[in-house]
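Residue strings, one per chain:
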Amino acid sequence: MMAKQLETERLLLEPLSLKQLSSKYVGWLNDPEVNKYLETRGGYTIEKLRSFLEDQEKKGILFWAIYKKQDAKHIGNIKIDPIDESKNSGEYGILIGDKDEWGKGFAKEASWAAINFCFDELKLEQVTLGVVEDNEAAIELYKKMGFEVTEKIEDKGFYNGKMCNSIRMVLKNGKQ
């Protein structure tokens, strides 16, 4: 299943591809403030990013680059992967890598575009996610969007210099 272009009031989501290969994107992945709650922990080069993007393109998954319409600036990425057909469910993840664009509502706007696509066009029953418990801003956003906590996993991983718990959340189709 391939991602198709999605549009919101302020954003354009286009399928992630080699078009997004840039030193700016590498910079996001290597920025400790950007990646502190991500499984990706830096160490990226242009070549490593090229390999990652090529691999994602080959998989044909629901993975979008997030662009601001106003200035065509790539500010982050969003994906729904994997899709669990037995549970009719998709796993959500987002990165707003451009710190100048933090706190402006772009994550929520992009999230609704991707989630509504999953519910309306793919007819998924639910979207799930995992988030580091210390990432309070993300958890607050997800709760405002209607996600509900389903599980807390103790000592899930080492993030931001310490062992952290993970929170599993779900948004059911029709609950938003």
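Per chain, the residues get numbers from 1 upward, laid out in the order the sequence is written. Since the coordinates come from a predicted model, pLDDT governs what is reported: local features require at least 70, and pairs of side-chain atoms require 80 or more to be given and counted, while whole-chain, interface and lining totals use all residues. Only hydrogens and water are removed before side-chain values are computed, so all heavy atoms of the structure are retained for them.

Draft legend 1. Here's a closer look at the sheet that holds strand S5 (residues 89-96). Pairing between strands is defined by DSSP: at least two bridges between them are needed. Where helices and strands are cited, they refer to DSSP runs of H or I of at least four residues and of E of at least two residues respectively, numbered from the N terminus. Pairing in this open sheet of eight strands is mixed, and the strands run S1-S2-S3-S4-S5-S6-S8-S7 from one edge to the other. Edge positions in the sheet fall to strand S1 (6-7) and strand S7 (148-159), since each has one partner strand and no second. Where strand S4 (residues 73-84) lies against S5, seven bridges are found, and the strand directions are antiparallel. Each bridged residue has a counterpart across the sheet, and for aspartate 84 the counterpart in S5 is serine 89.

Draft legend 2. Looking closely at the nonpolar core. Buried Ala, Val, Leu, Ile, Met, Phe, Trp, Tyr and Cys residues form a nonpolar core when they are joined through side-chain atoms within 4.5 Å. A simple rule labels every residue: compare its accessible area, found with a 1.4 Å probe on the protein chains alone, to the largest value its type can have, and call it buried under 20%, exposed over 50%, or partly exposed in between. With 34 residues, the main nonpolar core has Leu13, Trp64, Ile115, Tyr142 and Phe147 as its most contacted residues. If you tally residues by element for this core, the top one is helix H4 (residues 106-120), at nine residues. Only heavy atoms enter the contact rule, under which two residues are in contact if any of them lie within 4.5 Å. Those residues within four positions of tyrosine 142 in sequence are excluded, and the remaining contacts are Tyr92, Ile94, Leu129, Val131, Phe147 and Met169. Val26, Leu29, Tyr44 and Ile61 belong to the second largest nonpolar core, which has 14 residues in total.

Draft legend 3. Inspection of the packing of helix H1 (residues 23-30) against helix H3 (residues 46-59) at higher detail. To obtain each axis, a line is fitted to C-alpha atoms, and for helices this fit is confined to the stretch in contact; angles are then taken between N-to-C directions over 0 to 180 degrees. Where H1 meets H3, the axes come as close as 10 Å, and the angle between the chain directions of the two elements is 95°. One finds that H1 runs roughly perpendicular with respect to H3. Contacts from Ser23, Tyr25, Val26 and Leu29 of H1 reach H3 at Ile46, Leu49, Phe52 and Leu53. Within the contact of H1 with H3, the residues separate by chemical class into seven nonpolar, one polar and no charged. In what follows, roughly perpendicular refers to angles from 65 to 115 degrees, roughly parallel to angles under 35, roughly antiparallel to angles over 145, and oblique to any angle outside these ranges. In this classification, the charged set is Asp, Glu, Lys and Arg, the nonpolar set is Ala, Val, Leu, Ile, Met, Phe, Trp, Tyr, Cys and Pro, and all remaining amino acids, among them Gly, are polar.

Draft legend 4. View of the pairing of strand S6 (residues 126-132). The buried count for S6 comes to six of seven residues, which makes it a mostly enclosed element. Bridge count for S5 against S6 is three bridges, and the pairing is parallel. Bridged to serine 89 within S6 is glutamine 126. Relative to strand S8 (residues 162-172), S6 runs antiparallel, the two being bridged by seven bridges. Paired with glycine 130 across the bridge in S8 is arginine 168.

Draft legend 5. Geometry of the pattern of salt bridges. Salt bridges, as used here, are contacts in which a Lys or Arg side-chain nitrogen is within 4 Å of a carboxyl oxygen on Asp or Glu. Overall, the coordinates contain 18 salt bridges when judged by the stated rule. Close ionic contact of lysine 99 with aspartate 31 constitutes a salt bridge, the shortest N to O distance being 2.8 Å. Here lysine 99 is found in the loop between S5 and H4, whereas its partner aspartate 31 is found in the loop between H1 and helix H2 (32-35), with 68 residues between them in sequence. Salt bridges linked by common partners bring Lys68, Asp71, Lys73, Asp98, Glu101 and Lys104 together as one network.

Draft legend 6. Main features of H1. Along H1, the residues classified as buried are Tyr25, Val26, Trp28 and Leu29. Viewed end-on, H1 has its buried residues packed into an arc of 155°, placing them on one side of the element. Where H1 is buried, its residues meet H2, H3, S4 and S5. By definition, the arc is the one covered by directions from the helix axis to the C-beta atoms.

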